[in-house]
Every structure is written in structure tokens, then in C-alpha cells.
Amino acid sequence: MERELASMWELSFVVPPDHETLDFKFLLKPKDAETPCIIEEGPTRLLTGGMLEGDVRLANFRLNGDDELLEFRVFNKADIVSPLDLAASWRVYKENFQPSKVRGIPDISINEAPTHATEDGSGSSLELDLEHYVVPTPTAPPTEYAANLAATPASLDQPETPWTNDMLLSDGIQSPRSAAADFKDDSYHNKDTEASIADSSNSKKLQVSGMVESKSVGTLIQLQKKDMPQGLYVDRGVVSPKLGKSFSACSLASGLNFGSTKAMPEAAGAVAAAAVADRLHGSKEDRKLAIVLVGLPARGKTFTAVKLTRYLRWLGHETKHFNVGKYRRLKHGANQSADFFRPDNQEGIEARNEVAALAMEDMIDWMHGGGQVGIFDATNSTRKRRYMLMKMAEGNCKIIFLETICNDRNIIERNVRLKIQQSPDYADQPDYEAGLQDFLERLTNYEKVYEPVQEGSYIKMIDMVKGEGGQLQVNNISGYLPGRIVFFLVNSHLAPRPILLTRHGESLHNVRGRVGGDTVLSEDGELYSKKLANFIEKRLKNEKTATIWTSTLQRTILTATPIVGFPKIQWRALDEINSGVCDGMTYEEIKKIMPEEYESRKKDKLRYRYPRGESYLDVIQRLEPVIIELERQRAPVVVISHQAVLRALYSYFADRPLREVPDMEMPLHTIIEIQMGVTGVEEKRYKLMD
């Protein structure tokens, strides 16, 4: 136990997520004394399912028979943490932590010895000015406004469908190609009651209509064997307990909010989201899916849409982003003032509903042509607008509303500033203050008529922009793909932090041109490992919680060895593509011995699977947990891996088509710094050696 105050102690320990009920009492033993331990008085304390049972009580110890009673305040805390959080917190727990090993190398390790300059100067040869090593990226990242990266409107190039009274819905909304229909305000309301996850100390089970209880699933498994030291195995897969087919309104906490009042560690929120994604074990459905954004302006809708589009494309789902603002600017111009958005401006309402319907038509037409997931990006702030979209979607696709809610005034003000600076709506407005005033008036107009989502299937992201203290609510969500979307969203945030990608130093197989293997570094590779350590020391010197990720192959572990002061974590998911029977061969040998395999790989490197090995698509699938964890991290991460793996990871951040993955440039001895934040993804490259 670590003493917090003169009369209070804190106990921290690691247990597996599926442990049996543990019963224990505290022992009191004077420091540096041989006297027997004194056992705490009172009933045994119980730990079940990660929660402490029974009343929280003081710890009482009776000394010298019945003469003296010592009373201590004890703060009981049971957190569910990911292995990466545990590694980042090692500075506190390292003395009591015994990691498992792969080939004698700890899964999680840290070098504490100080670095010293070497005689050859490798320890100090890196310039203090890191910009000295910057090299151009192969293709510069896009700098245009995020919404303009959405699909180019197709319907605006077609002859316009005349608008007639026959196209009017009973609520006054015009919808092309949809029959008249009568809607009542509650016609799409779900009658199931909403419930937040309750405090487990008060109730062991959460009973919500359509939802079943599931055990907590974690990633820490404690191993105990006779005559062997206790160890910890880090399982870095994504596990999902079995869950009922659908939900009826449940809340998933993100950050430190458990429901609305109780504390819940962030990783536990991810575990709950993994339960939502249970359909992973089933077949992928072919049903078309429309994710319809809902929310006031400057709440992060477009950035969320861009991130979600990138993620689903990377997983291989045909996904397209449709931004209604882009349609509006092309049809009605980009210089519309706040009056255009007034709730009493009937002409403006009809114009905005028209472009929304055109965008929806384009999305449905695209789905009929083979598209799978459409991201419909607009405010969609009234029930009437959402009913119109649901009517148009009938028989074409399933709609899930994704509502973004933000109550942090600082974040809203920041987003407003970015909107004025980047949006084409204000590109011709030289006066920033005038643009700001106009946008605030537009925002006020939307706020007057805004109606939160209560109808249909929906996901609510409440104060999740920062990733701390937020909440994710889901209602009537089922299926493989919706589950993956929920799992991704509960782990996403926009807090800026760098992610550094680099290949291992040159290995002996690199020198010999051989595929795969598990060889050591060449002389140049060893030199790069020292330069990389020096680079990281300078680049991340103020980042106390940064982590270093490697594969389990020794060339990445040896590359990371000179790096000191940061926890190092091995991921089997980061191992190089499995080349199967071709492992250790050169491409010339493959061409000579297995010419058919050589030609098959040459024709389609993305889908080609080595005999008894993997394809690039296989690598992408096993990297999904890595992407989720990278999205969840708030501190910098350095990923030291292999060419095929880094190609797959880089394609995600750069939003590159999967067909380009096998041919992406991923040179040795080069660092790719990915800066993730509210303005999107930016890239910078450093070349430390020629």
C-alpha cells in the first residue's frame, strides 16, 4: 500500500477481468520490524467483477491484545485499465509489476538508464533543430475545407425534377420521388425507456428492455504457475461478449463519467462498446446503411463524418460522405447571410430542404450502384427534416441518426473560429468580426428550432469531443456494422497528439533482399536505432506519458532498445505480414521456384495471400485493434514496425484507397509524424539517415 496521508492509505493491484470473488483483509506490520502482522478486524472484504462489495469501512487493527485500537481510513479503488494505460503508468507501479516475456524479452518494458553520447557521435549527431531532417511527403495532404472533401453532388448536374404540391408531405416538407404521407410528431418515437449504466455497487445487474447482462471483458490476464513468478500476459485483441440482437436505449460512458454520476475508467467504456459490437462474430450484412448526422453548427459533425468515413473505407466498406452544405453552396451560392437560416424564412427553409433531398437522392442512387454506407452530413435539426429523410430511405436503406452534442463553451468557441477561418461560406468575407457575428446569428436561428433526436435508431455523442467526461447513448442499434461504428465512436476524440510511424532499422534480411524472417540489425540499422532514440528524446522530451509500440520480432525490439524513459509495448498485431512458405526467400528465388505464385502476387498484391501466410487485407483486419487504440490514445505514440504493416496503418491516416496500400512508399530510416487533432490529420516526414 502507498501512504497518501498520515491517516489514509491507497491499495493498488492487478487482477484478471474474469476473476472469481476475491476475499481479503488488510495486514499491519511495522516497517523494519520482525513482529508478526496484525490482521484487520471485521468481516472479510470482497472484490467481485472488479467492484468492491459491502460497506466502505475503516480499517481497524487491535494492538497488544485489547489495549490499543488503531484506526485507518482506506480508499478502495478498482479500475479497469488497458495494458497501454498500465504501461504509461508504470512510473508509479513499476516496482510491483512483473511482465510476461516473449523469447525472454518483456512484453512491456522500460529502460531507465540515462543516455550518454558515444565516441562516434551517434548519441549527439542529431541536430537540435529537428526541422533540419524534414523531407517532403510523397503526396501533400489536402488543405481544403473538410466538407469539400465530401462527394461531389451529382444531382445538380441532372435536369431538375419539378416541384409540385403532390410531393408535399403532410408536415409541409417537400420530398422528391416520395409519396404523400401522414406523420404525427410521435410516429417515430421509441417507447422504450432510457437507462444509464447503474452503479455496480448498488446493483449487480442492469435490466433494460432488449438488453442482456454481459461480463466485463478486459485485456489483462494474470498467469500463475507453481514455482514460477507471477506474470502478466498482454492480450491485444478485441474481444466481444455475446449480446442480444438489439438495444433499447443504453448509455456508454467515455472518460470518467459512469452514466451521469459515477466514475468509470475510460477502458471500461471501451469494453462496454465492445459488447455493442458483438455482431463481429456473425456474417457481415449486405444491408445499405445511412448514418445521418444531427446537431447544431460548430459541434464537430463534419470532423466526425470525415473520421468515420475514413475508418469504414479502411475496413473495406464502400463508404461515401455527402455534405449538404456543399450542395447548398453550389446551388444557392456561398454568400448566404444568417437571414437565409431564419426559422421564419419560408423560402430559405424550402431551399435548404430541397438541397437536403437532392443530397439524399444522390446517396440512394449511389447505394443502388453498389455503395454500402452513406454518411449524410447536415444539421438535420428538426423532426420534420428527419421524417422526410426517413420517408425517402424507406425500402432503400436503414437510417441511424448520429447526434453530436457539445456543452463546452470553450470547444464551441474554438470550432466557431475554425468555421470562420476555413468555411467557404466566409471565404469572401475579409472582416473576421463581421463573419463571426453573422455565424453567431445563424447559430441562434438553428437553436430556436432545434429538436434532439428521439425517433428511430440513434447514437448520441454527448461532450465526447475531448474524449474525457463524455457519454455515448445508443438506441435500437443492432448488427455487425452498426456495432463496429459504435465501438469506433466510443474510442474516438479530437484531442491533438502526434503519432510517429517508423520502420525498424535495416536488418540483415533487408541487406540480403530476403522476405520476412526474424534477423538482427545491420550496422546501419544499429546506427539508426541510436539516432531514433536521440530524435525521440528531443521530440518527446516534455511528453511524460508517451509510449513506444513494437512488434514481437527482434528487429523492431532491437531498434527500440536504445530508447530510454518511455514504456515499450509489444504487439503481435504489429508483426510483419506472414509470408508463409516464402519466408526467408528472395523475390528472385520465389520467381524461380514458384513462378505461378510470383505472377499471382504481381497481378494483385492487395488480395494475394502467401501460401500458408497472409495478404495485405489480412494484415488490415488484424490491425483494427491497433487503430482503435491509436484513436483512443491522448499521449504521443511511437510505432516501430514493418513495411507492410506501416503501409496499412499509414493508408488509414492518409485516407488512401486500399488498392494503393501495397505500393506506398515506406522507406527505411524515416519517421512519419502524423498529427491528429480538431483540424484533421497533418503529416510531416523526417529522414535521419541517407
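Quick caveat, the model's predicted, so the values are computed rather than measured.

Regarding the overall build of the protein chain
Helix and strand counts for the protein chain stand at 18 helices and 28 strands. Contacts spanning at least 24 positions in sequence make up 71% of the contacts within the protein chain whose residues lie at least 6 apart.

Quick notes on the pairing of strand β19 (residues 373-377)
A regular strand carries its side chains on alternate faces of the sheet. Taking burial as the measure, the five residues of β19 include five buried ones, the bulk of the element. As defined by bridge partners, strand β17 (residues 289-294) adjoins β19 across four bridges and the pair is classed as parallel. Counterpart to V292 in the pairing with β19 is F376. Bridging between strand β18 (residues 319-323) and β19 involves five bridges; their strand directions are parallel. When the bridges of β19 are listed, N323 appears paired with D377.

Describing the packing of helix α6 (residues 346-368) against helix α7 (residues 383-393)
Their axes nearest at 11 Å, the elements α6 and α7 cross at an angle of 30°. With respect to their mutual orientation, α6 and α7 come out roughly parallel. Crossing handedness for the pair α6 and α7: right-handed. Where α6 abuts α7, its residues R352, N353, A356, A357, M360, E361 and I364 lie against R385, M388, L389, M392 and A393. Here the residues of the contact of α6 with α7 are counted per class, giving eight nonpolar, one polar and three charged.

Things to note about the packing of aromatic side chains
The final tally for this structure, using the stated rule, is eleven aromatic pairs. Between F340 and F341, the ring centres sit 5.2 Å apart and the planes meet at 85°, which makes this aromatic pair edge-to-face. By relative accessible area, F340 is classed as buried at 10%. Taking relative accessible area as the criterion, F341 reaches 3% and is therefore assigned buried. The rings of W314, Y652 and F653 are connected pair by pair, giving a single aromatic cluster. A cation over an aromatic ring shows up here: K460 above the ring of Y458, its NZ or CZ 5.3 Å from the ring centre. In this arrangement the basic side chain of R685 is found over the ring face of Y650, its NZ or CZ atom lying 5.2 Å from the centre.

Concerning the pairing of strand β24 (residues 547-550)
In β24, alternate side chains face the same way, and those of T547 and W549 on one face and I548 and T550 on the other are all buried. Pairing geometry for β24 and strand β26 (residues 637-641), over four bridges, is parallel. Bridging from a neighbouring strand, I548 pairs with V638 of β26. Direction of pairing for β24 relative to strand β25 (residues 568-570): parallel, over a ladder of three bridges. Note on β25: the bridge partner recorded for T550 is Q570. Taking the sense of rotation as the criterion, the β-α-β connection linking β24, helix α13 (residues 554-560) and β25 turns out right-handed.

What about the environment of N445?
Looking at the secondary structure, you find N445 in helix α9 (residues 432-449). Sequence spacing of N445 and F340 is 105 residues, and the spatial spacing of their C-alpha atoms is 9.6 Å. Among all residues touching N445, those that are not within four sequence positions of it are A338, F341, R342 and P343. Within the local environment of N445, its side chain forms a polar contact with the backbone oxygen of A338, the two atoms lying 3.0 Å apart.

Topic: the packing of helix α17 (residues 624-632) against helix α18 (residues 643-654)
Running from N to C, α17 and α18 cross one another at 50°; their axes reach a closest spacing of 11 Å. Between α17 and α18, the interaxial angle falls into the category oblique. The element α17 and its partner α18 pack so that their crossing is right-handed. Along its contact with α17, which presents V626, I627, L630 and E631, the element α18 presents L649, Y652 and F653. When its residues are assigned to classes, the contact of α17 with α18 shows six nonpolar, no polar and one charged.

Points about the side chain of E455
Examined against the element boundaries, E455 turns out to sit in the loop between α9 and β21 (457-462). At 2.3 Å, the side chain of E455 forms a polar contact with the side chain of R386.

Digging into unusual backbone geometry
The phi angle at N476 is positive, at roughly 55°, despite the residue not being glycine. Following the sequence through the fold, N476 ends up in the loop between β22 (471-475) and α10 (480-490). Its relative accessible area of 31% is what places N476 among the partly exposed residues. A positive phi angle, near 60°, is found at R612, a position not held by glycine. Examined against the element boundaries, R612 turns out to sit in the loop between α15 (595-603) and α16 (616-622).

Things to note about the pattern of salt bridges
Enumeration over the complete set of coordinates arrives at 25 salt bridges. Measuring nitrogen to oxygen at the nearest pair gives 2.7 Å for the salt bridge that ties K307 to E631. Taken together, the positions of K307 in helix α4 (residues 301-314) and E631 in helix α17 put the pair 324 residues apart, joining distant regions of the chain. Its relative accessible area of 10% is what places K307 among the buried residues.

Focus: the environment of E631
Accessibility expressed as a relative area gives 1% for E631, which makes it buried. Along the backbone, E631 and H493 are 138 residues apart, and their C-alpha atoms lie at a distance of 7.1 Å. If sequence neighbours within four positions are ignored, E631 has contacts with K307, R310, F488, N491, S492, H493, R497, Y652 and M676.

Analysis parameters
Residues numbered from 1 in each chain as written. Predicted model: local features only at pLDDT ≥ 70, side-chain atom pairs only at ≥ 80, totals over all residues. Heavy atoms only, no water. Helix = DSSP H or I, 4+ residues; strand = E, 2+ residues; numbered from the N terminus. Contact = heavy atoms within 4.5 Å. Buried < 20%, exposed > 50% of the residue type's maximum accessible area, 1.4 Å probe, protein only. Pairing = 2+ DSSP bridges. Axes fitted to C-alpha atoms, helices over the stretch in contact; angles between N-to-C directions. Parallel < 35°, antiparallel > 145°, perpendicular 65-115°, else oblique. Left-handed = near helix turned anticlockwise from the far one by under 90°. Nonpolar A, V, L, I, M, F, W, Y, C, P; charged D, E, K, R; others polar. Phe/Tyr/Trp six-rings, centres within 6.5 Å; stacked < 30°, edge-to-face > 60°. Lys NZ or Arg CZ within 6 Å of the ring centre and 35° of its normal. Right-handed = clockwise from strand over helix to strand, strands pointing away. Polar contact = N/O pair within 3.5 Å; in protein donor to acceptor, adjacent residues only side chain to side chain. Salt bridge = Lys/Arg side-chain N within 4 Å of Asp/Glu carboxyl O.

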